Amino acid sequence: MNYYALFYELVDDMVNRRVPFREEHLRLARESRERGELALAGALAEPVDRALLVFHVEDKNKVESFARKDPYVINGLAKRWEIRPWNVVVGNEPPPSAAAPASGTILRRWTARITKSQLPKYLEHFSKNILPELRRVAGYLAATVSLRHLASDVEITVETTWDSHDAIRAFAGPDLEAAVVADEATALLTSFDRRVRHSEIVLTDRA
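Keep in mind it's a predicted model, so treat the numbers as computed, not measured. (Residues numbered from 1 in each chain as written. Predicted model: local features only at pLDDT ≥ 70, side-chain atom pairs only at ≥ 80, totals over all residues. Heavy atoms only, no water.)

Peer 1: A description of the overall build of the protein should follow, citing residues and the corresponding values.
Peer 2: Tallying secondary structure elements over the protein gives seven helices and nine strands in all. For the protein, the spread of C-alpha atoms along the principal axes amounts to about 70 × 45 × 25 Å. Buried positions account for 38% of the 207 residues belonging to the protein. On the protein, roughly 12,200 Å² of surface is accessible, and the fraction owed to carbon and sulfur atoms is 50%. (Helix = DSSP H or I, 4+ residues; strand = E, 2+ residues; numbered from the N terminus. Buried < 20%, exposed > 50% of the residue type's maximum accessible area, 1.4 Å probe, protein only. Areas by Shrake-Rupley, 256 points an atom, 1.4 Å probe, with all protein chains shown as cover.)

Peer 1: With reference to specific residues and values, describe the packing of aromatic side chains.
Peer 2: Under the counting rule described, the total for this entry stands at six aromatic pairs. Summarising the aromatic geometry, the rings of Tyr3 and Trp86 are spaced 6.3 Å apart at their centres and angled 75° between planes, so their arrangement reads as edge-to-face. Of this pair, Tyr3 sits in strand S1 (residues 2-10) while Trp86 sits in strand S4 (residues 78-86), placing them 83 residues apart in sequence. Arranged with centres 6.3 Å apart and planes meeting at 45°, the rings of Tyr122 and Phe126 form a pair that is tilted. Taken together, the residues Tyr122 and Phe126, both in helix H5 (residues 119-135) and four residues apart, mark about one turn of the helix. (Phe/Tyr/Trp six-rings, centres within 6.5 Å; stacked < 30°, edge-to-face > 60°.)

Peer 1: Could you give me a rundown of the sheet that holds S1, with the residues and numbers involved?
Peer 2: Read from one edge of the open sheet, four strands run S2-S3-S1-S4, paired in antiparallel fashion. Looking at strand neighbours, the two that pair on one side only are strand S2 (38-43) and S4, the edges of this open sheet. In this sheet, neighbouring strand axes are inclined to one another by 15° on average, regardless of whether the strands run parallel or antiparallel. In the sheet, S1 pairs with S4 via eight bridges, with the strands oriented antiparallel. What sits directly across from Leu10, in S4, is Ala78. (Pairing = 2+ DSSP bridges. Axes fitted to C-alpha atoms, helices over the stretch in contact; angles between N-to-C directions.)

Peer 1: Which residues make up the pairing of strand S7 (residues 154-162), and what values go with them?
Peer 2: With eight of its nine residues buried, S7 lies for the most part within the structure. When strand S5 (residues 105-114) meets S7, the two strands line up antiparallel, connected through nine bridges. Each residue of the ladder has a partner; that of Arg113, found in S7, is Glu155. Inspection of the sheet shows strand S6 (residues 140-149) paired to S7 by nine bridges, in the antiparallel sense. Bridge pairing in S7 places Arg148 opposite Glu155. A loop of four residues connects S6 with S7, the two strands running antiparallel in sequence.

Peer 1: Please give an account of helix H2 (residues 19-34) that cites residues and values.
Peer 2: For H2, spanning 16 residues, the distance from its first C-alpha to its last is 23 Å, which sits close to the expected 22 Å at 1.5 Å a residue. When H2 is considered as a whole, its buried residues turn out to be His25, Leu28, Ala29 and Ser32. Down the axis of H2, the buried side of the element spans an arc of 100°, and every buried residue falls inside it. In this structure, H2 carries Val19 and Glu23 as exposed residues pointing more than 90 degrees from its buried face. Buried-residue contacts for H2 involve S2, strand S3 (50-57), helix H3 (61-69) and helix H4 (71-74). Just past H2, the residue Gly36 takes up positive phi, approximately 80°. (Expected span 1.5 Å × (residues − 1). Arc of directions from axis to C-beta. Contact = heavy atoms within 4.5 Å.)

Written out as C-alpha cells, the structure is:
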C-alpha cells in the first residue's frame, strides 16, 4: 500500500461555483473513505484556490479513477489536477498511547454477501489478486475463506492471521478496522462489511 497526493487547482469563486456539485463530490469521497482508500481530503483556505486529497492504495490507478469521476473535474471546477507519490516519513506509525500489544497472533475477520452466480468470479479474484498482495506484506501468516449458503445468496467470511497489528497497518493503513475491498470485488458483491473485526488468538489445536 502506498500514499498518493491528489492536487486540484481550483477555479475562481470556488465556494459558490461548487454548490451544484458539492454533494455528489462528497458522496464520492465518502465512498472512497469507506473502502479504506481516501485518508484525508479538503480545500486550502484564504483563498480557496487548491485542494488536497491523500489516498492510501496499491497504485495510482485508483486515484486517477477517482479524479476522472469527480464532478469537480468533470465540470471544470478543478482547472488542473496532478497525482504525486507521497513518501510518509513521520505520522504513519501509531501514537504511543495506541500501540498494539507486541505478542499474540491477530485474527482479522470480514464478511460479505454475493449471489451464487458471482461466487466463482470472487473466489478467482481472491486467489489471483488478493492472495499475492497479502503474501507481499511482512507479517501476514495465513488466510481462510469460508462460505455459508443461504436461501438466495452466499455469505462469505474471510479470516486472515497476522503476527502483529503493525503488520495489519502495513496492509490496511492507519485505520486498522477499515475494510480493504478492491473495485473488482465491490462490483461482484451485493453487500459487504465496511469495518472488520480483530481478535487475538490465544489458543489453537490441530488433530
